[in-house]
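Residues per chain, in single letters:
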Protein chains: 2
Amino acid sequence: MSQTTFGYLTAANAPLFTDLYELRMLQAYINQDHNPTATFSLFVRDLPPNRGYMIAAGLEQAIHYIETLSFGERALEYLSEEGFDEAFLEYLSGFEFTGEVRALPEGTPVFVNEPLLEVTAPIAQAQLLETAVINQIGYQSLIATKASRMREIIDRNGDGQQLIDFGSRRAHGTDAGLKAARAAYIGGFDGTSNVAAGEAFEIPTSGTMAHSWVQSFEDERDSFETFVDEYGDESVLLIDTYDTVRGAELAKEVADEAGASIRGVRLDSGDLAALSQDVDAVLPDVDQFISSGIDESKIDDFFERGGVGAGFGPGTALVTSTDAPKVEGVYKLVAVERDGEMRPTMKLSTGKVTYPGAKSVRRTESDGRYTGDVIGLRDEDLPGEEQLVTVIDGGERVIGLPDLETSKARARTHRRKLPDSSRRLEDPEPYDVRISDELQQETEELQRELEARRTE
Amino acid sequence: MSQTTFGYLTAANAPLFTDLYELRMLQAYINQDHNPTATFSLFVRDLPPNRGYMIAAGLEQAIHYIETLSFGERALEYLSEEGFDEAFLEYLSGFEFTGEVRALPEGTPVFVNEPLLEVTAPIAQAQLLETAVINQIGYQSLIATKASRMREIIDRNGDGQQLIDFGSRRAHGTDAGLKAARAAYIGGFDGTSNVAAGEAFEIPTSGTMAHSWVQSFEDERDSFETFVDEYGDESVLLIDTYDTVRGAELAKEVADEAGASIRGVRLDSGDLAALSQDVDAVLPDVDQFISSGIDESKIDDFFERGGVGAGFGPGTALVTSTDAPKVEGVYKLVAVERDGEMRPTMKLSTGKVTYPGAKSVRRTESDGRYTGDVIGLRDEDLPGEEQLVTVIDGGERVIGLPDLETSKARARTHRRKLPDSSRRLEDPEPYDVRISDELQQETEELQRELEARRTE
């Protein structure tokens, strides 16, 4: 069935958002009667360049996916056409997640090797989640982190300026447009231009006008007058279509003549720091919104050069995380049931260690600042506060997920507790993440065992 | 209404996938009775780094969006809550696209300033499309281009190796996962691992097994035996979990014992070129599929160093276009009706020229190779073949869109007609794109006129 849909996943095709190999393994797990309990861990092996931390995000969508994952007629029909057999399709038609999910709450700073999500369930169930949960948590964490960097520079050098996501048009598809708005909000943004994201996630939306509005009129004055006639004091006028300073003067004249105190003006080209100062001289009481190629270094430069602005509208750089567009989340089998017991497991691969077993992540604090993490075995006795929370147990939700405002507040509070050196925008120092003695020992023992067996 | 949906846009919220400023302008266009006919042009001002061309893609989704765009109850209710007024909501409830769309067919090479899409309609209608059409055409063109580079290097140095998209988990959200599969197929890939993309777009799907399959068994041999028991000659075994060459030997033993001639093995770590030669010595008749960090330069290097492989599975590098993760598509007002006539329009901005007016893109050819393009006025008499096709006229489809196979064939044929120098993977030479004398003259006249008015 060929689809031309604009941007979608419905309950009917969402279960197919997976890699074929997951379903091929699943069929074999089921048909070969090999479905032991397994624990998978979602983590990153490296932080993206110039990141001293990441902000966890996307859990709500991952949990929703896990809780609603089921195979309806359309999905089953396609899989039948693709050669999956009747017995397996029968299994899929009754698919339901019955396992356990532990996770880092959204807004939590996260570091290498720390599980963002840990799933324990019959291996067929746990395996199937891989593609979708990496997709959602990976992307949203990438964007929450990028947003957090922009908020960081405003905290440091600015004056509480607004940050509004303007990136939907340049996002990689529609889901990225929506999820970038959501993740950026968690990471420290104040709103989005994306109306669908506003509706879906109750994020404040914001919007001004485009150059096309101005150009569609005989002259700029007409265009401003018409807009102010429609929106009055709510008007934000784009003033750089022909000449920014002249645009500011015109905005002032039009507002004065209409007896309106317009809310703001937008600058979208040229030397933004310099122009904003000229505009401020003309319109000292009007907020300036700054767009065009905004990222954390542009914001930094803007402040450094004395720019005057009430808000920024980052777009492409935010939603594609242009300077670091990927984070390679992996979802690895770390333990599997054998003879009735959960046994740690790992693969042998040069340079890539996956620590075996279900984990604990403890964070220690001193004088209101985080001092370091220790990753240990799940049941190990360790100092510090446990970061992983059980979200689903026995297939049932055991906690409500925090709302967006709570996750956003968490990101802000926790970010500020991180060492300054790990929050630097360039060459941050690695945050102190230690592997517990027990976990280290278990890792080495397993490695030796597997290597011994390899040379048998 | 708060949503937790995993990845979606349905008919109910798709019309809200737009920037708020579009709707704010729309309300003012309608309420202020300023709705002249307008032409908008979607194009790029720069090619991404190291690109000598791009491959147009995403038109099918853009057209589907335009043809189905309408506002139902849920969208209207949200907009009402957001303060849009009744008269405007009434207009939206009857919204329907009645204009004209011209476009470059998918698979067509495209260069700077050439319209990928040109829309002529009452400005409120044409304006509203901006965010969504840039989003779909921008991303898919970016990925079709990235895919085309990988196919190029195989055409040049390889032996027709398969290219399979393995990127869904690392794509920026679910829509990117689906659309990357589609765009990569147009750009020269043979299939995808994404099952939902297979179903939606009738793209061949492909999948093997993960390390978790192997690790879930007591030993590697068990895991291979069980898989071969399930899939027989169709089996593709992942052989690098513990030791790649030992894995190859084991695969051979297991296949021999089962009397199966397995289809292939997959290598996912280590020195892939060297290991593939060792594996080839063990399994000379078995296809090797190569994954792990694959991009065009890795493929190039693999061939250079004598690697042996039947196929590659690029993931992250493909779906995020990691080396060039953005393309800044713009959708600019180029003409507007005034006094019953379409008048060219542009903004004045240092360094960024937008050529005014509806366009023609002509491509000339000599001895089976493209020699250059000329961008001119729509009705200008120019040499070469017109690249823009009218897709919608008076709100009605006037042509069927080509199927994916046709677009893929077009991309291949047209890419091969481009000068070799523009197809280089690094520092390609700019393809010859000329602005016609008439368009140049019109641009300069309009510029002078606007500058004269600015200094009034």
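The rules we used
- Residues numbered from 1 in each chain as written.
- Chains lettered and ligands numbered in written order.
- Predicted model: local features only at pLDDT ≥ 70, side-chain atom pairs only at ≥ 80, totals over all residues.
- Heavy atoms only, no water.
- UniProt positions renumbered as here; feature names shortened; annotations may be inferred.
- Helix = DSSP H or I, 4+ residues; strand = E, 2+ residues; numbered from the N terminus.
- Buried < 20%, exposed > 50% of the residue type's maximum accessible area, 1.4 Å probe, protein only.
- Contact = heavy atoms within 4.5 Å.
- Areas by Shrake-Rupley, 256 points an atom, 1.4 Å probe, with all protein chains shown as cover.
- Lys, Arg positive; Asp, Glu negative; His and termini not counted.
- Charge placed at Lys NZ, Arg CZ, Asp CG, Glu CD.
- Pairing = 2+ DSSP bridges.
- Buried area = accessible area lost by both parts, 1.4 Å probe.
- Salt bridge = Lys/Arg side-chain N within 4 Å of Asp/Glu carboxyl O.
- Polar contact = N/O pair within 3.5 Å; in protein donor to acceptor, adjacent residues only side chain to side chain.
- Nonpolar A, V, L, I, M, F, W, Y, C, P; charged D, E, K, R; others polar.
- Least-squares fit on C-alpha atoms with pLDDT ≥ 70 in both.
- Phe/Tyr/Trp six-rings, centres within 6.5 Å; stacked < 30°, edge-to-face > 60°.
- Axes fitted to C-alpha atoms, helices over the stretch in contact; angles between N-to-C directions.
- pLDDT = per-residue confidence, 0-100.
- Patch = residues over 30% accessible without salt bridge, like charges linked within 9 Å, V, L, I, M, F, W, Y side chains within 5 Å.
- Domains from an automatic or database assignment.

An unreviewed UniProt entry lists chain A under the name nicotinate phosphoribosyltransferase, with Natronorubrum sulfidifaciens JCM 14089 given as the organism. According to its UniProt record, chain A has this under Catalytic activity (unreviewed entry): "5-phospho-alpha-D-ribose 1-diphosphate + nicotinate + ATP + H2O = nicotinate beta-D-ribonucleotide + ADP + phosphate + diphosphate". One UniProt comment on chain A, placed under Sequence similarities (unreviewed entry), says "Belongs to the NAPRTase family."

Q: Help me understand the overall build of chain A, please; the structure alone is not making it clear to me.
A: Assigned secondary structure in chain A consists of 16 helices and 19 strands. Principal-axis analysis of the C-alpha atoms places the extent of chain A at approximately 85 × 55 × 40 Å. Burial status across chain A gives 63% buried among its 456 residues. The contacts of chain A with a sequence gap of at least 6 include a subset with a gap of at least 24, amounting to 73%. Summed over its atoms, the accessible surface of chain A is roughly 15700 Å², and 43% of this surface lies on carbon and sulfur atoms. Between the centroid of the 44 positive side chains of chain A and the centroid of its 83 negative side chains there is a distance of 5 Å.

Q: I keep staring at the sheet that holds strand E10 (residues 287-291) of chain B and nothing clicks. Help me out?
A: Within a sheet, neighbouring strands are paired by backbone hydrogen bonds and run either parallel or antiparallel to one another. Taking strand neighbours across the sheet as the criterion, the six strands line up as E7-E6-E11-E10-E9-E8 (chain B) in an open arrangement whose pairing is parallel. Across the chains shown, the open sheet's two edge strands, defined by having one partner strand only, are strand E7 (191-192) and strand E8 (236-238) of chain B.

Q: Looking at this model, I keep getting lost on the pairing of strand E12 (residues 329-338) of chain B. Mind explaining?
A: Looking down a regular strand, the side chains alternate between one sheet face and the other. All names here are of chain B. Most of E12 is tucked away, with nine of its 10 residues classed as buried. Note: strand E1 (residues 37-44) against E12, seven bridges, orientation antiparallel. From the neighbouring strand, Ser41 faces E12, where its bridge partner is Lys332. Inspection of the sheet shows E12 paired to strand E13 (residues 341-344) by four bridges, in the antiparallel sense. Across the sheet, Val336 pairs through a bridge with Arg343, a residue of E13.

Q: Would you mind going over the interface of chain A and chain B with me for this structure?
A: Accessible area lost during the coming together of the parts is what is often quoted as the interface size. At the junction of the two partners, chain A supplies 121 residues and chain B supplies 121 residues. Counting the surface lost from both chain A and chain B, the interface buries some 10800 Å², and carbon and sulfur atoms represent 52% of this. The tally of links from chain A across to chain B stands at 12 salt bridges. Two residues, Arg338(A) and Glu218(B), come together in a salt bridge whose shortest N-O distance is 3.4 Å. The interface formed by chain A and chain B contains 69 residue pairs in polar contact (both at pLDDT 80 or more). Residue composition of the side of chain A that touches chain B, by class: 45 nonpolar, 44 polar and 32 charged.

Q: Explanation requested: the relation of the copies chain A and chain B in the structure shown.
A: One copy of the chain maps onto the second through a rotation about an axis and a displacement along it. Placing chain A over chain B gives an RMSD of 0.0 Å and needs a rotation angle of 180°, together with 0.0 Å of translation along the axis. One copy is carried onto the other by what is essentially a two-fold rotation axis. The share of interface residues of chain A whose copies in chain B are also at the interface is 100%, consistent with both copies meeting through the same surface.

Q: Before we go on, may I ask you to explain unusual backbone geometry in this structure?
A: With the exception of glycine, most residues fall at negative phi, and the peptide bonds are largely trans. With phi around 65°, Asn50(A) is a residue other than glycine that occupies positive phi space. Relative to the helices and strands, Asn50(A) resides in the loop between strand E1 (37-44) and strand E2 (54-55). With a phi close to 50°, Asp367(B) is a non-glycine residue in the positive phi region. Looking at the secondary structure, you find Asp367(B) in the loop between strand E14 (359-366) and strand E15 (369-377).

Q: What is the right way to read the UniProt feature "domain: Nicotinate phosphoribosyltransferase C-terminal" (unreviewed entry) in chain A from this model?
A: Summarizing the sequence annotation, UniProt attributes the feature "domain: Nicotinate phosphoribosyltransferase C-terminal" (unreviewed entry) to residues 387-441 of chain A in the numbering used throughout. Taken as a whole, residues 387-441 of chain A contains 35% helix and 18% strand, while its terminal C-alpha atoms sit 22 Å from one another.

Q: Looking at this structure, how should I read the packing of aromatic side chains?
A: Residues and elements named next belong to chain A. Applying the stated criterion across every chain yields a total of 26 aromatic pairs over all chains. The interplanar angle of 75° and the centroid separation of 5.3 Å between the aromatic rings of Trp213 and Phe227 together place this pair among those described as edge-to-face. On the criterion of sequence distance, the pair formed by Trp213 in helix H9 (residues 211-215) and Phe227 in helix H10 (residues 220-231) is long-range, its members being 14 residues apart. Neither Trp213 nor Phe227 differs from the other in exposure class; each is buried.

Q: What should I look at first to understand the sheet that holds E14(B) in this one?
A: Residues and elements named next belong to chain B. One open sheet accounts for four strands, arranged E16-E14-E15-E19; its pairing is mixed. One side of each edge strand has no neighbouring strand; the edge strands of this open sheet are strand E16 (385-386) and strand E19 (433-435). Here E14 pairs with E16 via two bridges, running antiparallel. From the neighbouring strand, Arg363 faces E16, where its bridge partner is Glu385. Most of the contacts of helix H16 (residues 437-454) go to E15, to which it runs at about 40°, and overall it touches E14, E15 and E19.

Q: For this particular structure, what's the right way to read the confidence of the model for chain A?
A: Residues and elements named next belong to chain A. Summary statistics for chain A give a mean pLDDT of 95 and a share of 97% for residues scoring 70 or more. Counting interchain partners and residues more than four positions distant, the pLDDT-below-50 stretch residues 1-5 has 17 contacts. Two summary scores accompany this predicted model of the complex, namely pTM at 0.97 and ipTM at 0.97.

Q: Honestly, a negative patch on the surface in this entry has me stumped. Any pointers?
A: Together, Glu73(A), Glu77(A), Glu81(A) and Glu82(A) make up a negatively charged patch on the protein surface. Among the structural elements, Glu77(A) can be located in helix H3 (residues 73-81).

Q: Teacher, can you tell me more about the domain arrangement of chain A here?
A: Residues and elements named next belong to chain A. What the domain assignment lists for chain A is domain 1 (14-142 + 324-454) and domain 2 (147-319). In this assembly, 23 residues from domain 1 lie in contact with 22 residues from domain 2. Together domain 1 and domain 2 conceal approximately 1900 Å² of surface at their shared face, both sides included; 47% is due to carbon and sulfur atoms. Its largest share of buried area at the contact with domain 2, domain 1 owes to Tyr139, Leu404 and Leu425, together 35% of the area lost on that side. Inspection of the region where domain 1 meets domain 2 yields six salt bridges. Only helix H2 (59-68), helix H6 (130-157) and helix H15 (404-417) provide two or more residues apiece to the side of domain 1 that touches domain 2.

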